[in-house]
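Understanding the architecture of this molecule
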Amino acid sequence: SGRPSTLAEARTVERDQRLLTISEIVKISVTEHETETMLHKLLACLVETFEAAEAGILLLYDPSDGWLAVQAAHSYDLAKLKQIRIAPGEARCGRAFQTGQPELHSNPKTIAAAAANMTAANREIIAAATVGLPEPQSAICMPLISGDTKMGVLMLENLRNANSFVVADLPFLQTVADLIALSIEGAHIRENAQSAQALSEANRLKAELISTLAHEMPTPLPSI
């Protein structure tokens, strides 16, 4: 009889931790108005509170040039990674962006296979940005989508253990990805606000973020 109780307690702790993560993400989104700082804080919060993640990058798509570029990084050299330009369909992040579907990689073999079409230039940049760090053992890429607009990709990695990310993580990470996409959209609107209508839209997005948190906090994680 003790084992189910222990399992139930473990699930409760995990649920509470993930809800706390979502709460912190919403708090950052609402209070931080500068996009680059906001993205850095969002990624740091996620990596530091989501047990499976030890490193991560966040890429945004620029429709004017057709590339995905790194905007935030945790555990890696951001200055070097900012030189990367990933095409839609290229490697893990490019494919997740192109398909609009999560990319789950359980071990180094599948990670290497997914990177087979990465350009030599991007490989060199990644090597320079990850000097002294072990190769990722497992990873997950979540597309960032707001409405019908693909905005970028969130990639999380574990540097020590294979199978760190599992299918059961997807509902939680999908919620996180949706909140980040809304945050990015809201930040862009604030930065480019030229009218009362744009400011109204920014406030609507802020209210939607808060509403999502208020609605989901008392409910079990699977419903999220």
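This report concerns the structure included in the present document. (Residues numbered from 1 in each chain as written. Predicted model: local features only at pLDDT ≥ 70, side-chain atom pairs only at ≥ 80, totals over all residues. Heavy atoms only, no water.)

What follows covers the packing of aromatic side chains. By the definition in use, this model includes 3 aromatic pairs. Ring-pair connections join several aromatic residues into one group, and the members of that group are Phe50, Phe165 and Phe172. One Lys or Arg, Lys150, reaches over the ring of Phe97 and ends 5.9 Å from the middle of that ring. (Phe/Tyr/Trp six-rings, centres within 6.5 Å; stacked < 30°, edge-to-face > 60°. Lys NZ or Arg CZ within 6 Å of the ring centre and 35° of its normal.)

For the structure on display, the rule yields 10 salt bridges. Where Asp16 meets Arg15, a salt bridge forms, and the shortest distance between an N and an O atom there is 3.4 Å. Among the residues examined, Asp16 registers a relative accessible area of 39% and is labelled partly exposed. Its relative accessible area of 30% is what places Arg15 among the partly exposed residues. Put simply, Glu54 and Arg160 hold a salt bridge, and the shortest N to O gap is 2.4 Å. Separated by 106 residues along the polypeptide, Glu54 in the loop between α2 (35–49) and β1 (55–62) and Arg160 in the loop between β5 (149–158) and α7 (170–191) bring together distant segments of the chain. The exposure class assigned to Arg160 is exposed, which follows from its relative accessible area of 62%. Salt bridges sharing common partners tie together Glu14, Arg18 and Asp169. (Salt bridge = Lys/Arg side-chain N within 4 Å of Asp/Glu carboxyl O. Buried < 20%, exposed > 50% of the residue type's maximum accessible area, 1.4 Å probe, protein only. Helix = DSSP H or I, 4+ residues; strand = E, 2+ residues; numbered from the N terminus.)

Another aspect to go through is the sheet that holds strand β2 (residues 67–74). Sheet architecture is open: 5 strands sit in the order β2-β1-β5-β4-β3, paired in antiparallel fashion. A strand with exactly one partner marks an edge of an open sheet, and here the two such strands are β2 and β3 (103–105). Going from strand to strand, the sheet's axes swing by 20 degrees on average, the running direction of each strand aside. Across the sheet, α2 is in contact with β1, β2 and β5; its angle to β2 comes to roughly 60 degrees. (Pairing = 2+ DSSP bridges. Axes fitted to C-alpha atoms, helices over the stretch in contact; angles between N-to-C directions. Contact = heavy atoms within 4.5 Å.)

Okay, the nonpolar core next. If you look at the biggest cluster of nonpolar residues, it comprises 34 residues, and the most contacted ones within it are Phe50, Leu144, Leu154 and Leu156. Looking at this core, the elements that each hand over two or more residues are α1 (2–31), α2, β1, β4 (138–146), β5 and α7. Counting residues per element, this core draws most heavily on α7, at 9 residues. Ignoring sequence-local partners within four residues, the contact set of Leu154 consists of Leu43, Leu46, Ile57, Ile140, Cys141, Met142, Leu144, Val176 and Ile180. One finds Val70, Tyr76, Ala91 and Cys93 within the second-largest nonpolar core, a separate group that totals 21 residues. (Core = buried A, V, L, I, M, F, W, Y, C linked by side-chain atoms within 4.5 Å.)

This part covers the side chain of Glu157. Following the sequence through the fold, Glu157 ends up in strand β5. The residues contacting Glu157, other than those within four sequence positions of it, are Ala52, Ala53, Glu54, Ala55, Tyr76, Arg92, Pro136, Ser138, Ala139 and Phe165.

This brings us to the pairing of β4. Within β4, 8 of the 9 residues are buried, which leaves it mostly tucked inside the rest of the structure. Here β3 pairs with β4 via 3 bridges, running antiparallel. Following the sheet pairing, Leu104 is matched in β4 by Ile140. With 9 bridges connecting them, β4 and β5 associate as antiparallel partners. Bridge assignment links Met142 to a residue of β5, and that residue is Leu154. Between the end of β4 and the start of β5, which pair antiparallel, lie 2 residues, with Gly147 showing a positive phi angle near 65 degrees.

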